[in-house]
Amino acid sequence: MTEEMQKTYRIGPIRPPSEANSLLLQITEGCTWNRCKFCSLYRRRKFKAFSVESIKKDIDVMAEYAKLAQEHLLQDGSWNKRAALVQRLEKMTHAEQECYYFIYRWLAHGGENVFLQDGNSLAVKTERVLEVLRYLREKLPSIRRITTYGRAETLSKISVEQYKQLKEAGLDRIHSGFESGSDNVLKLINKGVTSEQEITAGRNIKEAGIELSVYFMPGIGGKKYSRENALETARVVSAINPDFLRIRSAVIHKGSDLWNDFLDGSFQLCSENEKLMEIKLLIENIKDCTTVLVSDHIINLLQNVQGRVDLDRQKMLSLIDEYFNMPEYKQKMFQIARRSGIVTAPSDLNLLPRDWVERFSATIESIKDEAEWDYKMNSMMAHYI
Ligand code: SF4
């Protein structure tokens, strides 16, 4: 069977953690910018926008598999029906089966959320996205929420009126990796966007009634801009009041442009404590916002620091202070245990088996140089991304 004849659809690799159970519909591939110095995600791929026709074909296959799953498994679990399904599955290619199971899993999780891939889907003409949204909602009526990623620079060029049309056609939430609100940091990482564009994008999206989820990277400005990274991000967030502010502590990957800056000495890695201090400064300085700060990634040192900035500010700051009040040695013990994936909160240290404590102590004792320690933590974190 040739690829064209198969009943499959495209599935891209990237989605936010909050979309883990979402159906993934690929309307573009790659990123239009591809030049952020910390990101190698789509580096080898050229940006591609798929035609509306081919996206509709993908949606048709999804709708067909959704019908099949519902008929055979969700509404009638009798053995006859199951046998018929097995027969049908046996005739499918491996790729078709994967597509079917993806739909089945999606329905088992409620069949409500869809994420439009890839890195900058709103770079395509609004009319095309509108057509896709309408078709998608028509063919899969169980959908309750549709979200997508967008680059702030691209998003700043979309008008409130266009966002309103997108909202009406069924786009509910936009995720955007702002990373920083500092123009110096944005320049340093070659983000290709200004804080002013971030604010324009954010305000337009919010005005149209679309939910906005922005991402902040503590540590991405290196030691030089650590404080500025936090304070300027607080300024941008305060100007927008996004629905969600997601924390992604910076990890510098070998092979990225920022790694080369680190090697030539022009970029200095932030310590775990400096990144946490940025989060503290950020929480302290966000003004007049109902934003929910979310820490939905293992990469963050204190994953339990989350909540609504206006209501839970003190609770979040207390958790951070609790950590900073620990002796330095215990802080390092927590860092290495956390980066080894065996603790979540500092209180878990009391449960660490003796042999682990001994092993970690030996590592702490052997690394006296702070820069070397920061390098080790960065390397350990790199395993998670
Ligand atoms: S905009 Fe996003 S996907 Fe594109 S290069 Fe930057 S970080 Fe990577």
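See the structure printed just above.
Everything in this summary refers to the structure shown in the same document. (Residues numbered from 1 in each chain as written. Predicted model: local features only at pLDDT ≥ 70, side-chain atom pairs only at ≥ 80, totals over all residues. Heavy atoms only, no water.)

To continue, consider the nonpolar core. Residues L25, Y65, V114, L136, L140 and Y163 are the most contacted members of the largest nonpolar core, which totals 94 residues. Looking at this core, the element that brings in the most residues is helix α1 (residues 52–74), giving ten residues. Listed in part, the 16 residues of the second largest apolar core include C36, I252, L258 and F267. (Core = buried A, V, L, I, M, F, W, Y, C linked by side-chain atoms within 4.5 Å. Buried < 20%, exposed > 50% of the residue type's maximum accessible area, 1.4 Å probe, protein only. Helix = DSSP H or I, 4+ residues; strand = E, 2+ residues; numbered from the N terminus.)

To continue, consider the packing of helix α4 (residues 126–139) against helix α6 (residues 160–169). In a pair of packed helices, the angle between the axes and the distance between the axes together describe the arrangement. Running from N to C, α4 and α6 point in directions that differ by 15°, and their axes come no closer than 9 Å. The pairing of α4 with α6 is recorded here as roughly parallel in orientation. With respect to the hand of their crossing, α4 and α6 are arranged in left-handed fashion. On α6, the residues that touch T126, V129, L130, L133, R134 and R137 of α4 are Q162, Q165, L166 and A169. Partitioning the contact of α4 with α6 into residue classes produces five nonpolar, three polar and two charged. (Axes fitted to C-alpha atoms, helices over the stretch in contact; angles between N-to-C directions. Parallel < 35°, antiparallel > 145°, perpendicular 65-115°, else oblique. Left-handed = near helix turned anticlockwise from the far one by under 90°. Contact = heavy atoms within 4.5 Å. Nonpolar A, V, L, I, M, F, W, Y, C, P; charged D, E, K, R; others polar.)

A word on the site of the ligand. Neighbouring residues of the ligand: C31, N34, R35, C36, F38, C39, Y42, R151 and K191. Considered class by class, the residues forming the shell around the ligand number five nonpolar, one polar and three charged. (Near = heavy atom within 4 Å.)

Here we take up the pairing of strand β6 (residues 173–179). Here β6 lies mainly inside the structure; six of its seven residues are buried. Pairing between strand β5 (residues 145–149) and β6: three bridges, direction parallel. Opposite Y149, over in β6, you have H175 as the bridge partner. Bridge count between β6 and strand β7 (residues 211–216): five bridges; the pairing is parallel. (Pairing = 2+ DSSP bridges.)

Look at helix α9 (residues 226–240) against helix α11 (residues 272–285): their axes get within 8 Å of each other, and the N-to-C directions meet at 30°. One way to sum up the angle between α9 and α11 is to call them roughly parallel. At the point where α9 passes α11, the crossing takes the right-handed sense. In this structure, α9 uses S226, R227, N229, A230, L231, T233, A234 and S238 to contact α11, whose residues at the interface are E274, E278, L281, L282 and N285. Class assignment of the residues belonging to the contact of α9 with α11 gives a composition of five nonpolar, five polar and three charged.

Scanning all chains against the criterion turns up nine aromatic pairs. Note on Y323 and F324: the rings are 5.3 Å apart at their centroids and 70° apart in plane angle, and the pair reads as edge-to-face. Here the aromatic rings of W356 and F360 are separated by 5.5 Å at their centres, their planes lie at 45°, and the arrangement is tilted. Taken together, the positions of W356 and F360, both in helix α14 (residues 354–366) and four residues apart, correspond to about one turn of that helix. The exposure class of F360 is buried, given its relative accessible area of 4%. Each member of the aromatic cluster is reached from another via a ring pair, and the members are Y65, Y100 and Y101. For the cation-ring pair, R246 lies above F244, with the distance from its terminal atom to the ring centre recorded as 5.0 Å. We note R359 situated over the ring of W356; from NZ or CZ to the ring centre the distance is 4.4 Å. (Phe/Tyr/Trp six-rings, centres within 6.5 Å; stacked < 30°, edge-to-face > 60°. Lys NZ or Arg CZ within 6 Å of the ring centre and 35° of its normal.)

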